[in-house]
Amino acid sequence: MAKDAKDSYLVGLIGSGIGPSLSPALHEREADRQGLRCLYRLIDIDVLGVPPEAVGDLLRAARDLGFDGLNITHPCKQLAIDHLDALAPQAEALGAVNTVVFEDGRSVGHNTDVTGFAASFARGLPDVPLERVVQLGAGGAGAAVAHAMLTLGAERVTVADALADRAADLAASLNRHFGAGRAAGAALDALPALLTGADGLVHATPTGMAAHPGLPLPAQLLHPGLWVAEVVYRPLETELLRTARSLGCATLDGGGMAVFQAADAFRLFTGREPDSARMLADIAELADAVGTTSP
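## Observations regarding the overall build of the protein chain
Of regular secondary structure, the protein chain possesses 11 helices and 12 strands. Taken over the C-alpha trace, the protein chain has a radius of gyration of 18 Å; the compact-globule value for 295 residues is 19 Å, and the two agree within 12%. When the backbone C-alpha atoms are referred to their principal axes, the protein chain occupies close to 55 × 40 × 35 Å. Considering the protein chain as a whole, with its 295 residues, one finds that 52% of them fall into the buried category. Of the contacts formed within the protein chain by residues at least 6 apart in sequence, a portion of 70% connects residues at least 24 apart. Counting every atom, the protein chain has about 12,200 Å² of accessible surface; 52% of that belongs to carbon and sulfur. In the protein chain, 22 positive and 35 negative side-chain charges are present, and the distance between their average locations comes to 2 Å.

## Remarks on the pattern of salt bridges
Inspection of every chain in the model, using the stated rule, returns 15 salt bridges. One salt bridge in this structure joins aspartate 161 and arginine 166, with 3.2 Å as the shortest N-O distance. We note a salt bridge from glutamate 237 to arginine 245, for which the minimum N-O separation is 2.7 Å. For glutamate 237, a relative accessible area of 37% translates into the label partly exposed. By sharing partners, the salt bridges in this structure join Arg29, Glu30, Arg33, Asp275, Arg278, Asp282 and Glu285 into a single network.

## Side note on the environment of methionine 279
Of note, methionine 279 is situated in helix 11 (residues 276–290). Apart from residues lying up to four places away in sequence, methionine 279 is in contact with Leu26, Glu30, Arg33, Val259, Ala262, Ala263 and Pro274.

## With respect to the packing of aromatic side chains
Enumeration over the complete set of coordinates arrives at 2 aromatic pairs. Relative to tryptophan 227, the ring of phenylalanine 121 has its centre 5.1 Å away and its plane inclined at 70°; by these criteria the two rings are edge-to-face. Separated by 106 residues along the polypeptide, phenylalanine 121 in helix 5 (residues 113–124) and tryptophan 227 in strand 11 (residues 227–230) bring together distant segments of the chain. The exposure class assigned to phenylalanine 121 is buried, which follows from its relative accessible area of 3%. Put simply, the rings of Phe117, Phe121 and Trp227 touch in pairs and so form one group of aromatic residues.

## Topic: the nonpolar core
Ranked by internal contacts, the top residues of the largest apolar core, which has 33 residues, are Phe117, Phe121, Met149 and Trp227. Going through the elements one at a time, helix 5, helix 6 (140–151), strand 8 (156–161), helix 7 (164–178) and strand 11 are the ones with two or more residues in this core. Setting aside residues no more than four positions away along its own chain, phenylalanine 117 makes contact with Val145, Ala148, Met149, Val202, Ala229, Val231 and Met257. The next biggest cluster of nonpolar side chains, apart from the first, holds 18 residues, and it includes Ile14, Leu58, Leu59 and Leu70.

## Focus: the sheet that holds strand 2 (residues 37–44)
Ordered by their spatial adjacency, 6 strands build an open sheet running 2-1-3-5-6-4, and the pairing between neighbours is mixed. The outermost strands of the open sheet, each flanked by one partner alone, are strand 2 and strand 4 (86–87). In this structure, strand 1 (residues 8–15) lies alongside strand 2, joined through 8 bridges in parallel fashion. The residue bridging tyrosine 9 from the neighbouring strand is cysteine 38, located in strand 2. Relative to strand 2, helix 1 (residues 23–33) is tilted by about 170°, and along the sheet it contacts strand 2 and strand 3 (69–72). Contacts from helix 10 (residues 255–270) reach strand 1, strand 3, strand 5 (99–103) and strand 6 (106–110), with the element oriented near 10° to strand 5.

## Focus: the sheet that holds strand 12 (residues 251–252)
The strand order across the open sheet formed by 6 strands is 9-8-7-10-11-12, and the pairing between neighbours is parallel. The open sheet is flanked by strand 9 (183–187) and strand 12, the only strands paired with a single partner. Bridge analysis of strand 7 (residues 132–136) against strand 8 gives 5 bridges, and the strand direction is parallel. Along strand 8, the bridge assignment pairs valine 133 with valine 157. The strands touched by helix 6 are strand 7, strand 8, strand 10 (200–203) and strand 11; relative to strand 7, the strand with the most contacts, the crossing angle is about 170°. On top of the sheet, helix 7 reaches strand 7, strand 8 and strand 9; it is set at about 180° to strand 9, its chief contact.

## Let's talk about the pairing of strand 5
Across the 5 residues of strand 5, 4 count as buried, placing the element largely inside the fold. With 5 bridges joining them, strand 5 and strand 6 adopt antiparallel strand pairing. Residue pairing for strand 6: threonine 99 is matched across the bridge by histidine 110.

## So, the environment of proline 224
Checked against the element boundaries, proline 224 lands in the loop between strand 10 and strand 11. Considered as a pair, proline 224 and alanine 281 are 57 residues apart in the sequence and their alpha carbons are 29 Å apart. Setting aside chain neighbours within four positions, we find proline 224 in contact with Leu247, Gly248 and Cys249.

How each quantity is defined
- Within any chain, residue numbers begin from 1 and follow the written order of that chain's sequence.
- Local features in a predicted model are, by the rule used here, given only for residues with pLDDT of at least 70; side-chain atom pairs are given and counted only at 80 or more, and totals for whole chains, interfaces and linings are based on all residues.
- Only hydrogens and water are set aside; all other atoms, that is, all heavy atoms of the structure, feed into the side-chain values.
- Comment: elements are numbered from the N terminus, with helices defined as DSSP H or I runs of at least four residues and strands as E runs of at least two.
- Computation of the radius of gyration draws on C-alpha atoms alone. For the globule rule, the value is 2.2 Å times the number of residues to the power 0.38.
- Partly exposed residues are those whose accessible area sits between 20% and 50% of the maximum for their type, while under 20% is buried and over 50% is exposed, using a 1.4 Å probe and protein chains only.
- Any two residues whose heavy atoms approach within 4.5 Å at even a single point are treated as in contact.
- Surface accessibility follows the Shrake-Rupley procedure with a 1.4 Å probe radius. Residue values consider only the protein chains on display as shielding.
- Only four residue types enter the charge count, namely Lys and Arg as positive and Asp and Glu as negative; His and the chain termini do not.
- To locate a charge, take NZ of a lysine, CZ of an arginine, CG of an aspartate or CD of a glutamate.
- Salt bridges are counted wherever a side-chain nitrogen of Lys or Arg sits within 4 Å of a carboxyl oxygen of Asp or Glu.
- Paired rings are identified among Phe, Tyr and Trp, the last through its six-membered ring, by centres lying within 6.5 Å, and are further divided according to the angle between planes into stacked (under 30 degrees), edge-to-face (over 60) and tilted (the rest).
- In these notes, a set of buried Ala, Val, Leu, Ile, Met, Phe, Trp, Tyr and Cys residues joined through side-chain atoms within 4.5 Å is what counts as a nonpolar core.
- In this analysis, strands are considered paired if DSSP registers two or more bridges between them.
- Throughout, an axis means a line fitted to C-alpha atoms (over the contacting stretch in the case of helices), and angles, computed between N-to-C directions, take values from 0 to 180 degrees.

In structure tokens, the structure reads:
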């Protein structure tokens, strides 16, 4: 049966600490408006008591149970790759997947984080300078947003990570893809010097999520000349964004990325065209409804 001939879908999300995720509501609301039945299940490795390396078993179980597809989030975006039958070109270039589609007994990995972040950034921070961008985080989400920043025209992206080798590996991959000198890796202790002369900061670690509250870097490293873009979307106003706004920084929350990547995943799951404007209104409403109780 062709995707667009179906009217019922079973999908889900694999990750750690995903209880507060708004993905189920985003997908199910948009499906309802299109006359579809969508059941979106959370598969939280913390609740299951299994390590991230169990993602392969979870993928196989979901396929066998008749899932149409899955979203994949921290800390499984890179680990999932070894357990898939095929990768879309962008996922292969990134070495990370956030969406898996099951079709004809095969599992195909995609990455909608790149297009999701790029669409959100172009919409929310359209005129900011992009000569020197510092990115904090070189994991699965970090790879995606670094690709997005360079695609958007950033002249140079320096990626800092607690694992300096991981940052160096990502920078090498980016340079192979975009050209020598476009990216560099750095250890966290380089952040003070890097941010002093930077145009903007992209935050791509889990810090600030409901399950991982706090600031990802010392507040004194932020300054008014810096724009700050966040990947975390639950809560929409993280401590990083709140601190940056108090200093006069232009900011971008993670809600837009969450919506645009979800819209792209919805299209892959169902073959239907989502209405991203309606989904943006959804996430604003949903986040506001939980804002008073989010850490």
